[in-house]
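Structural description and commentary
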Amino acid sequence: MKLWDKLSLRTRLTLLHSGLLALIVCILGVTFFIDTRNLLIENTASHLRARAKPIIEHWLYGQKNHLPTSDDLKQIAKSLARDLTSRNTVALILDKHGRTIANGKMLPEEPSPPSPNPVYYSQALAGKNEVNYIISQSNHHTLVILIPLRQTPTSQKIIGVVQLSSPLTSVEQTLFYHGLYLATGALITLFMGFGLGFLLTSSALRGLKRVINICQEISKGNLNLRVNLPKRQDEIGQLAHAFDKMVECIESTFEAQRRFVANAAHELRTPLTVLRGSLDVLLRGSQDDPAAVTRLSQGMYQEVTRLARLCDQLLDLAKLETSTKIQKRPLNLNDFFKNFITQAQLLTQGRRIVLREGPFVTLVVDPDMLKQILFNLLYNAIQHTDETGTITLGWKLIPNQVEIWIADNGEGISPQDLPHIFEPFYRGKNATSKRKKGTGLGLALVKSMIEAHNGHIEVKSQLGQGTVFTFRLPLH
Ligand SMILES: Nc1ncnc2c1ncn2[C@@H]1O[C@H](COP(=O)(O)OP(=O)(O)OP(=O)(O)O)[C@@H](O)[C@H]1O
Ligand SMILES: [Mg+2]
């Protein structure tokens, strides 16, 4: 078992297949050999009987004037035995007590008859017609057949038995060559089967070997490698395809993580540099100039606030990614939005805010998260709309879901920025140039929070016209 486990899959499959082939060839060969042997012996026996029949009839029933008796048999036994004997067959005539009364062998080249076997001749004396058996004589086999001699062809009265014996030399020779051809054929089949099996298994498993090699390379860090077996449609081809897809997925996740860490480090470095610069100036003696101290402290306070916000957002994102624990409870949207608008009006700095109420609906959500989502979107809308602008919020029911939107008629998002705005740390070009710098994490958080509710968010925007964010949440 241990050794079997150590063998490669290719060797195991080849051995298994060759073993099965050998078994089938052996069973077929042996069955065929035994059948042929029986057929040849049967034929020889029938031939001997057919040849003996007219001779026996001639001597026994030739004289029509009376039925042959045991005495008649004794008289004709010698001639009958002689007529039944030929170069490869010798006849013995036995009386009804099993005693030999004539032996047909006269010439030295004629085979010697085996002595009668009482087990078999008693069967013939009892009237059994087909008594055949084989005995071993020196270095060959001899076929012995027994023919009961009846008073008439249909009578039950047996007056003696003819024993014909014939060496099976020619049958054995034929069988020997037959066996030789069979064994050669079986060996050739086995060799070809083994070779072909080996080739087929090797070619079938070649793809697997490639998968193993690529796996080993990938484990060393070469994530850009692929198995790439597009021509193979079998299970190994499918495995290679699935493997390539998985590695692609892992690679893009790694890449996204790497980008995230690099961006986070970059974002953290900027305020830290500002803080260090300000502290340097303060330490070098500016503390004696109260105006400079106030200016620097204010700047440092802003940077620390920015750092704290960044840390909070990063923590929120990490929490959303590692746990799906959200505190859902039924929430009436009409009440929720009325409260939200009251708070939102404090932030809009003169911009008009309009609520388009949808139907009465109760939603199962985490209310704090929903508030955070809407505040993030609202804060963006305020950032990118001038003071005369209008921000519209509303909701409507769709099957099993509620669709919430927040639209503004501000500066809009350029088509180049649009596909990236949900990526962490991505800030639109207009946002970085003109407006106060955000961290670029707001929409990434919004998206994560909506997805944690099994929802989905979309954006439509036109430069100079405005932007609409629409998200759907399941009702339960
Ligand atoms: N309503 C909007 N109108 C125009 N541009 C928008 C709007 N909302 C988002 N954007 C664009 O999408 C970018 C990403 O927004 P996101 O809220 O993720 O980051 P941010 O607002 O720059 O920073 P943060 O929200 O983390 O302080 C913004 O920089 C801006 O370019
Ligand atoms: Mg934002």
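The following paragraphs examine the structure supplied in this document. Small disclaimer: the values here were computed from a predicted structure and weren't measured.

1. Considering the overall build of the chain
- Scanning the chain from terminus to terminus reveals eleven helices and twelve strands.
- Its C-alpha atoms give the chain a radius of gyration of 53 Å, clearly above 23 Å, the size a compact globule of 476 residues would have.
- When the backbone C-alpha atoms are referred to their principal axes, the chain occupies close to 160 × 60 × 35 Å.
- Going through the 476 residues of the chain one by one, you find that 22% of them count as buried.
- Contacts in the chain between residues far apart in sequence, at least 24 positions, make up 62% of those at least 6 positions apart.

2. Quick notes on helix H9 (residues 367–383)
- The end-to-end C-alpha distance of H9, which contains 17 residues, comes to 24 Å, matching closely the 24 Å that a straight helix rising 1.5 Å per residue would cover.
- In this structure, the buried residues of H9 make contact with helix H8 (333–344), strand S8 (362–365), strand S9 (390–398), strand S10 (401–408), helix H11 (442–452) and strand S12 (466–474).

3. Looking at the nonpolar core
- Ranked by size, the top nonpolar core spans 31 residues in total, and within it Ile-373, Leu-374, Leu-377, Leu-378, Val-402, Ile-406 and Val-446 carry the most contacts.
- Contributing elements (two or more residues each) for this core: H8, S8, H9, S9, S10, H11 and S12.
- Considering each element in turn, this core owes the most residues, seven residues, to H9.
- With sequence-adjacent residues up to four places away left out, Leu-377 is seen in contact with Ile-406, Val-446 and Phe-469.

4. Topic: the sheet that holds strand S1 (residues 90–95)
- As summarised here, the arrangement of the five strands in space is S2-S1-S5-S4-S3, forming an open sheet in which the pairing is antiparallel. Bordering the open sheet on either side are strand S2 (100–103) and strand S3 (131–137), each of which pairs with just one other strand. Ignoring which end each strand starts from, the neighbouring axes of this sheet average 25° apart.
- As judged from the seven bridges shared by S3 and strand S4 (residues 140–150), these two strands associate in the antiparallel manner.

5. Details of the pairing of S9
- The pairing of strand S7 (residues 352–356) with S9 spans five bridges and is parallel. Of the residues in S9, the one forming a bridge with Ile-353 is Ile-391.
- Looking at chain direction, S9 and S10 are connected through eight bridges and run antiparallel. Each bridged residue has a counterpart across the sheet, and for Leu-393 the counterpart in S10 is Ile-406.
- Taking the residues that link successive antiparallel strands as the turn, the S9-S10 hairpin has two residues, and the phi of Asn-400 there is positive, at about 60°.

6. A closer look at the packing of helix H2 (residues 9–61) against helix H3 (residues 70–84)
- Relative to each other, H2 and H3 sit at 160°, their axes nearing to 10 Å. Taken together, the axes of H2 and H3 lie roughly antiparallel to each other. H2 and H3 meet at a crossing whose hand is right-handed. Contacts between H2 and H3 involve Ala-52, Ile-55 and Trp-59 on the former and, on the latter, Ile-76, Ser-79, Leu-80, Asp-83 and Leu-84.
- Looking at the contact of H2 with H3 residue by residue, the class counts come to six nonpolar, one polar and one charged.

7. Let's talk about unusual backbone geometry
- One non-glycine residue, Gln-349, adopts positive backbone phi at about 45°.
- Within the element layout of this structure, Gln-349 appears in the loop between H8 and S7.
- Residue classification places Gln-349 among the exposed positions, given that 8 C-beta atoms sit within 10 Å.
- Unlike most non-glycine residues, Phe-425 shows phi in positive territory, near 70°.
- In this structure, Phe-425 sits in the loop between S10 and helix H10 (429–433).

Cut-offs applied
Residues numbered from 1 in each chain as written. Chains lettered and ligands numbered in written order. Predicted model: local features only at pLDDT ≥ 70, side-chain atom pairs only at ≥ 80, totals over all residues. Helix = DSSP H or I, 4+ residues; strand = E, 2+ residues; numbered from the N terminus. Rg over C-alpha atoms; globule rule 2.2 N^0.38 Å. Buried ≥ 20, exposed ≤ 12 C-beta atoms within 10 Å, placed from the backbone. Contact = placed C-beta atoms within 7 Å. Expected span 1.5 Å × (residues − 1). Core = buried A, V, L, I, M, F, W, Y, C linked by C-beta atoms within 7 Å. Pairing = 2+ DSSP bridges. Axes fitted to C-alpha atoms, helices over the stretch in contact; angles between N-to-C directions. Parallel < 35°, antiparallel > 145°, perpendicular 65-115°, else oblique. Left-handed = near helix turned anticlockwise from the far one by under 90°. Nonpolar A, V, L, I, M, F, W, Y, C, P; charged D, E, K, R; others polar.

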